[in-house]
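Now for the letters of each chain:
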Amino acid sequence: MSTQHISYLMKNITDKIKINVDIALKSYNLTLTQSCVLGFLSANNSQATQKEIEEFLKVSHPTAVGLVSRMEQKGFLVTWTDSSDRRNKIVALTEHAQNISKVMEAMMDTILLSVLEVIFEIIIPLTMANLIDYGIESGSIGMVWKFGAWLLILAILQLLTGFFAAWFGAKASVGFAQNLREDMYDNVQTFAFSNIDKFSTASIVTRLTTDVTNVQNSYQILLRMAVRGPAMMLFSMVVSFQINKEISLVFLVMIPILMGFMILIIQKVHPIFTKVFRTYDELNNVVQENVRGIRNVKSFNQEEYETEKFKGISKRIYEDFAKGERWIAFGSPLMEASTYTCMIFISWFGAKAIVASGNNAAIGLTTGNLTALITYAMQIMVSLMMLSMVFA
């Protein structure tokens, strides 16, 4: 792979990281520059002078003043005049901003490690191709040891980046849920009576428990799969076309077909799960009524009625969940059918190309390159499944 191709891949990596960071920061009402200020203050014991922020961001004094002022209005910063130099200001993080800063650090680490994990996963098939072509095919035991060692190193690096990406992702999602639940609870305390009348107690309990948990899980999936999926698909496609443009056209045929089926599944599943989450309010309401009126239920001998009412709502949730999961279950055989269809076509056209080139890398396709293409076919299909899970 030439220097130009490597530069192209690095630019795509940078753009992909920036896009995912911007998406994640919107949930905190922050821009990328404001998040840098939070990170800088967090690394400096949660406070610094305004002049130090100017030097860190390399911006003018008016720009820094406006930035600090906007963040202070959002409740992220507090400022006071420096006693040693009244022309300068001390800028410090609020408690809320400190919690967000910790979550953001974990979020940034997750995105970076996820992209690194994908890069190692993309490099491994290329190394395997070199092992086959220059080691096994040529009968060079030295090359086998060399590329075998590289494969071991890359596999360990992928394992470590994947492990720590999952660890930081879990940390970021739990911290996000903690901040969200706290902010929602504080917001409920500010409700006027007219607002309270619009929400039942069961609805508020559902918002603070089940819904926050679902948001937490979605946030973790977004950080991991929404980063790994597009990155893996993009890099696999680029490298595949670098290996052989004609055979890689198989992906351009299979990807739209699989995406069409995935979109159909998402359209069927999304309304079902939306209905389930609304049914949770009814379930919580029934439980609350039974707990509050347990004496009345026993006095009027209504245990069987209340039990049947609870069973009815539980059965509705079960049936809706089962219906949604049945639709999701179609995704696995679809992915496998698409993957194996790609493998058949790649193997068929690849075998002809290898025979035509005499397994010579200088002339055309080799056995190692064919192995790499088959691996990339699996990675592309898996990345599409990841994206479907994010949107489902």
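Everything below is about the structure shown above.
Reference entry: report on the structure contained in this document. Just so we're clear, the structure is a prediction, and the values are computed from it rather than from any experiment.

### Details of the overall build of the chain
Inference 1: From N to C terminus, the chain includes 13 helices and three strands.
Inference 2: Here the C-alpha radius of gyration of the chain, 28 Å, is well above what a compact globule of 392 residues would show, namely 21 Å.
Inference 3: Counting only C-alpha atoms, the chain reaches 85 × 75 × 30 Å along its principal axes.
Inference 4: With 392 residues in all, the chain has 40% of them scored as buried.
Inference 5: Carbon and sulfur atoms provide 63% of the accessible area of the chain, an area that totals close to 22100 Å².
Inference 6: Averaged over its 33 positive side-chain charges, the chain has a centre that lies 3 Å from the centre of its 32 negative ones.

### Thoughts on a nonpolar patch on the surface
Inference 1: There is a patch of nonpolar side chains on the surface, built from Leu-152, Ile-156, Leu-160, Phe-163, Phe-164 and Trp-167 and spanning about 610 Å² of accessible area.
Inference 2: Here Trp-167 shows up in helix α6 (residues 141-189).

### Here we look at the packing of helix α2 (residues 32-43) against helix α5 (residues 95-136)
Working note: a packed helix pair is described by the angle between its axes plus the distance between those axes.
Inference 1: Where α2 contacts α5, the two axes come as close as 10 Å, and the packing angle between them is 100°. Relative to α5, the element α2 is oriented roughly perpendicular. Contact with α2, carried on its side by Ser-35, Leu-38 and Ser-42, involves Ala-97, Ile-100, Ser-101, Met-104 and Glu-105 of α5 and no other residues of that element.
Inference 2: Of the residues assigned to the contact of α2 with α5, the class counts are four nonpolar, three polar and one charged.

### Quick notes on the sheet that holds strand β1 (residues 47-49)
Inference 1: Read across the open sheet, the three strands follow the order β1-β3-β2; overall the sheet is antiparallel. Each having just a single partner strand, β1 and β2 (77-81) make up the two edges of the open sheet. Strand-to-strand twist across the sheet, computed as the mean angle between neighbouring axes with direction ignored, equals 25°.
Inference 2: Against the sheet, α2 engages β1, β2 and β3 (89-93), with an angle of about 95° to β3.

### Some words on the environment of Thr-367
Inference 1: Secondary-structure assignment places Thr-367 in helix α13 (residues 367-391).
Inference 2: In this structure Thr-367 comes out as partly exposed when scored by relative accessible area, which is 27%.
Inference 3: Taking the C-alpha atoms as reference, Thr-367 lies 21 Å from Leu-154; in sequence the two are 213 residues apart.
Inference 4: Setting aside chain neighbours within four positions, we find Thr-367 in contact with Ile-132, Asp-133, Glu-137, Ile-354 and Asn-359.

### Notes on the packing of aromatic side chains
Inference 1: In the structure shown here, the tally under the stated rule is seven aromatic pairs.
Inference 2: Considering the side-chain rings of Trp-167 and Phe-168, the 5.0 Å spacing of their centres and the 80° angle between planes classify their relative orientation as edge-to-face.
Inference 3: A relative accessible area of 46% places Trp-167 in the partly exposed class.
Inference 4: What makes Phe-168 buried here is its relative accessible area of 18%.
Inference 5: Taken together, a centroid distance of 5.6 Å and an interplanar angle of 55° make the contact between Phe-273 and Phe-321 tilted. Placement of the pair is Phe-273 in helix α9 (residues 245-292) and Phe-321 in helix α11 (residues 303-329), with a sequence separation of 48 residues.
Inference 6: Residue Phe-273 is classed as buried on the basis of its relative accessible area, which comes to 12%.
Inference 7: Taking relative accessible area as the criterion, Phe-321 reaches 26% and is therefore assigned partly exposed.
Inference 8: Its end group placed over the ring of Phe-147, Lys-146 keeps NZ or CZ at 5.6 Å from the ring centre.

### Comments concerning the pattern of salt bridges
Inference 1: Enumeration according to the criterion identifies eight salt bridges in this entry.
Inference 2: In this structure, Glu-117 and Arg-224 form a salt bridge, with 3.3 Å as the shortest nitrogen-oxygen distance. Pair noted here: Glu-117 is in helix α5 and Arg-224 is in helix α8 (residues 201-243), with a separation of 107 residues, a long-range link. Here the two residues Glu-117 and Arg-224 agree in accessibility, since each one is buried.
Inference 3: When the shortest N-O distance is used, the salt bridge between Lys-309 and Glu-306 registers 3.6 Å.

Reading the values: the criteria
Residues numbered from 1 in each chain as written. Predicted model: local features only at pLDDT ≥ 70, side-chain atom pairs only at ≥ 80, totals over all residues. Heavy atoms only, no water. Helix = DSSP H or I, 4+ residues; strand = E, 2+ residues; numbered from the N terminus. Rg over C-alpha atoms; globule rule 2.2 N^0.38 Å. Buried < 20%, exposed > 50% of the residue type's maximum accessible area, 1.4 Å probe, protein only. Areas by Shrake-Rupley, 256 points an atom, 1.4 Å probe, with all protein chains shown as cover. Lys, Arg positive; Asp, Glu negative; His and termini not counted. Charge placed at Lys NZ, Arg CZ, Asp CG, Glu CD. Patch = residues over 30% accessible without salt bridge, like charges linked within 9 Å, V, L, I, M, F, W, Y side chains within 5 Å. Salt bridge = Lys/Arg side-chain N within 4 Å of Asp/Glu carboxyl O. Axes fitted to C-alpha atoms, helices over the stretch in contact; angles between N-to-C directions. Parallel < 35°, antiparallel > 145°, perpendicular 65-115°, else oblique. Contact = heavy atoms within 4.5 Å. Nonpolar A, V, L, I, M, F, W, Y, C, P; charged D, E, K, R; others polar. Pairing = 2+ DSSP bridges. Phe/Tyr/Trp six-rings, centres within 6.5 Å; stacked < 30°, edge-to-face > 60°. Lys NZ or Arg CZ within 6 Å of the ring centre and 35° of its normal.

These figures capture arrangement, not role.
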